[in-house]
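For reference, the chains in residue letters:
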Amino acid sequence: MNALVDVKPGLGATLVEVLAVTGRRLRHLRRAPGRFIGVTLNPLVSMLVLGYLFQQSISIPGGGSYQEYLFAGAALQVGLAGVGPTAIAVATDLKGGLIDRFRSLPISRSSVLIGHTIADLVVAVMGLVVVVGVGLLLGWRSHTGLLPTLAAFGVLIVFCYVVTWVGVLLGMSSKSLETIDSIAPLVVVVFPFLSNAFLSEQNLPAWLAPIAAWNPISAVATACRQLWGNPVTTGGGFPTDHPEVVVVVTLGLLFLLTSFVSLRRYASTAN
């Protein structure tokens, strides 16, 4: 049996292994910063094009600043933009033989994939810092206290981490990098427009409004807007009135599903 299967390292050893894989990924970022640029570019374009150039043409039902409404949707794009780079990194390691070398070492199976996700979470947090800075320059403000403001960013960070597992699963499942290159832009562009990230459900076609209301992206955006005291939409039913419940349930299920399937796929290839 493969040595990787026999070894059952303790928590401390696993933590060291995770940190080692995380450090390797972050060192790659220093040599090739294009991944960081890709994570921040889409949110910045959204804020500049929609929030700055078109803000007079887009209104929010109930009133309020569109720039403040848009910010939550743009911040969510940081997490979505990380799906592609995570998937490509995992797929490249699989096809390049690095994962095979990891399998030959006495390390835990989970540490490799977890290291990938933590490294990409660090990149996402760095991207959020840039987006927040630009958002402040363009007029976004939080109108609540420190704790609610930080809680909203905590929700965003959790969202970013869960989404990295979507990227891991995509990388483990894709047979070619071309497939990932085709799917990743759709995740960043299409999913936000199928939610209330940029437009209120009330401004969407009648057939699309229920889909947008139940989209987990809408729940995360609405929860953040409420915590920041930014304009929110109403009339979307349960997911709009109770976004925190939808966030916990949908992100929890998505994390359990993607992490479980990814780890099972990784383990099955070691046998």
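The structure this text deals with has already been given above.
Okay, so let's go over this structure.

The rules we used
- Residues numbered from 1 in each chain as written.
- Predicted model: local features only at pLDDT ≥ 70, side-chain atom pairs only at ≥ 80, totals over all residues.
- Heavy atoms only, no water.
- Phe/Tyr/Trp six-rings, centres within 6.5 Å; stacked < 30°, edge-to-face > 60°.
- Helix = DSSP H or I, 4+ residues; strand = E, 2+ residues; numbered from the N terminus.
- Buried < 20%, exposed > 50% of the residue type's maximum accessible area, 1.4 Å probe, protein only.
- Lys NZ or Arg CZ within 6 Å of the ring centre and 35° of its normal.
- Contact = heavy atoms within 4.5 Å.
- Expected span 1.5 Å × (residues − 1).
- Polar contact = N/O pair within 3.5 Å; in protein donor to acceptor, adjacent residues only side chain to side chain.
- 1 Å grid on protein atoms, 1.4 Å probe; cavity = no way out; pocket = protein on both sides within 12 Å on 5 of 7 lines; lining within 4 Å.
- Points joined across faces, edges and corners; volume = space filled by probe spheres on them.
- Nonpolar A, V, L, I, M, F, W, Y, C, P; charged D, E, K, R; others polar.
- Core = buried A, V, L, I, M, F, W, Y, C linked by side-chain atoms within 4.5 Å.
- Disulfide = S-S within 2.5 Å.
- Lys, Arg positive; Asp, Glu negative; His and termini not counted.
- Salt bridge = Lys/Arg side-chain N within 4 Å of Asp/Glu carboxyl O.

**Concerning the packing of aromatic side chains**
Stage number 1. Here the structure, examined in full by the defined rule, presents ten aromatic pairs.
Stage number 2. With a centroid separation of 5.1 Å and an interplanar angle of 55 degrees, the aromatic rings of Phe153 and Trp228 are classed as tilted. Note that Phe153 is positioned in helix α8 (residues 146-173) and Trp228 in helix α11 (residues 216-228), a separation of 75 residues in sequence.
Stage number 3. Judged by its relative accessible area of 0%, Trp228 is buried.
Stage number 4. Both rings, one in Trp165 and one in Phe255, keep their centres 6.4 Å apart while their planes meet at 80 degrees; by these two values the pair is edge-to-face. Of this pair, Trp165 sits in helix α8 while Phe255 sits in helix α13 (residues 243-268), and the two are 90 residues apart along the sequence.
Stage number 5. What links up through ring pairs into an aromatic cluster is the set Phe71, Trp140, Phe153 and Trp228.
Stage number 6. Just above the ring of Tyr69 sits the side chain of Arg225; from NZ or CZ to the centre is 3.6 Å.

**Concerning the environment of Gly82**
Stage number 1. Turning to its location among the elements, Gly82 is positioned in the loop between α4 (66-81) and α5 (83-96).
Stage number 2. Classification of Gly82 by relative accessible area gives buried; the value is 14%.
Stage number 3. Between the C-alpha atoms of Gly82 and Ala184, which are 102 residues apart in sequence, the distance is 8.7 Å.

**Brief notes about the environment of Phe191**
Stage number 1. If you trace the backbone, Phe191 turns up in helix α9 (residues 177-193).
Stage number 2. Sequence-wise, Phe191 and Ile217 are 26 residues apart; in three dimensions their C-alpha atoms are separated by 7.8 Å.
Stage number 3. What Phe191 contacts, discounting residues up to four positions off in sequence, is Leu186, Asn215 and Ile217.

**Quick word on α4**
Stage number 1. Over its 16 residues, α4 extends 22 Å from the first C-alpha to the last, a length consistent with the 22 Å expected when each residue adds 1.5 Å.
Stage number 2. Within α4, 16 of the 16 residues are buried, leaving the element largely enclosed by the surrounding structure.
Stage number 3. The distance from a side-chain oxygen at the start of α4 to the backbone nitrogen of Gln67 is 3.3 Å, and the residue carrying that oxygen is Ser65.

**Brief notes about the layout of surface pockets**
Stage number 1. For the largest pocket, the calculated volume is near 270 Å³.
Stage number 2. For the largest pocket, the lining is made up of 13 residues, of which Leu80, Val163, Val166, Phe191 and Leu254 are closest to its centre.
Stage number 3. Taken together, the residues that form the lining of the largest pocket break down as eleven nonpolar, two polar and no charged.

**Looking at the nonpolar core**
Stage number 1. Membership of the largest hydrophobic core comes to 58 residues, with the highest contact counts inside it found for Tyr66, Leu156, Phe159, Val220 and Trp228.
Stage number 2. Elements represented by at least two residues in this core include exactly α3 (34-53), α4, α5, α7 (109-138), α8, α9, α11 and α13.
Stage number 3. Here this core takes twelve residues from α8, the largest share from any one element.
Stage number 4. Setting aside residues no more than four positions away along its own chain, Leu156 makes contact with Ala75, Leu76, Leu128, Val220, Cys224 and Trp228.

**Considerations on the state of the cysteines**
Stage number 1. Applying the stated rule across the entire model yields zero disulfides.
Stage number 2. Not engaged in a disulfide, the cysteine Cys160 finds its nearest cysteine sulfur in Cys224; these two sulfurs lie 9.7 Å apart.
Stage number 3. Classification of Cys160 by relative accessible area gives buried; the value is 2%.
Stage number 4. Overall, Cys224 belongs to the buried group, its relative accessible area being 1%.

**Considerations on empty space enclosed by the protein**
Stage number 1. The final tally for this structure, using the stated rule, is one cavity of 30 Å³ or more.
Stage number 2. Quantified by volume, the largest cavity comes out at close to 50 Å³.
Stage number 3. Along its surface, the largest cavity is lined by Arg35, Val39, Val78, Gly82, Pro85, Thr86, Asp120, Val123 and Ala124.
Stage number 4. Secondary structure elements with two or more residues in the lining of the largest cavity: α3, α5 and α7.

**Some words on the side chain of Glu68**
Stage number 1. By the element assignment, Glu68 lies in helix α4.
Stage number 2. The side chain of Glu68 is buried and forms no salt bridge, while Arg141, the nearest opposite charge, is found at 6.7 Å.
Stage number 3. When sequence neighbours within four positions are dropped, the list of residues in contact with Glu68 reads Gly139, Trp140, Arg141, His143, Asn230 and Pro231.

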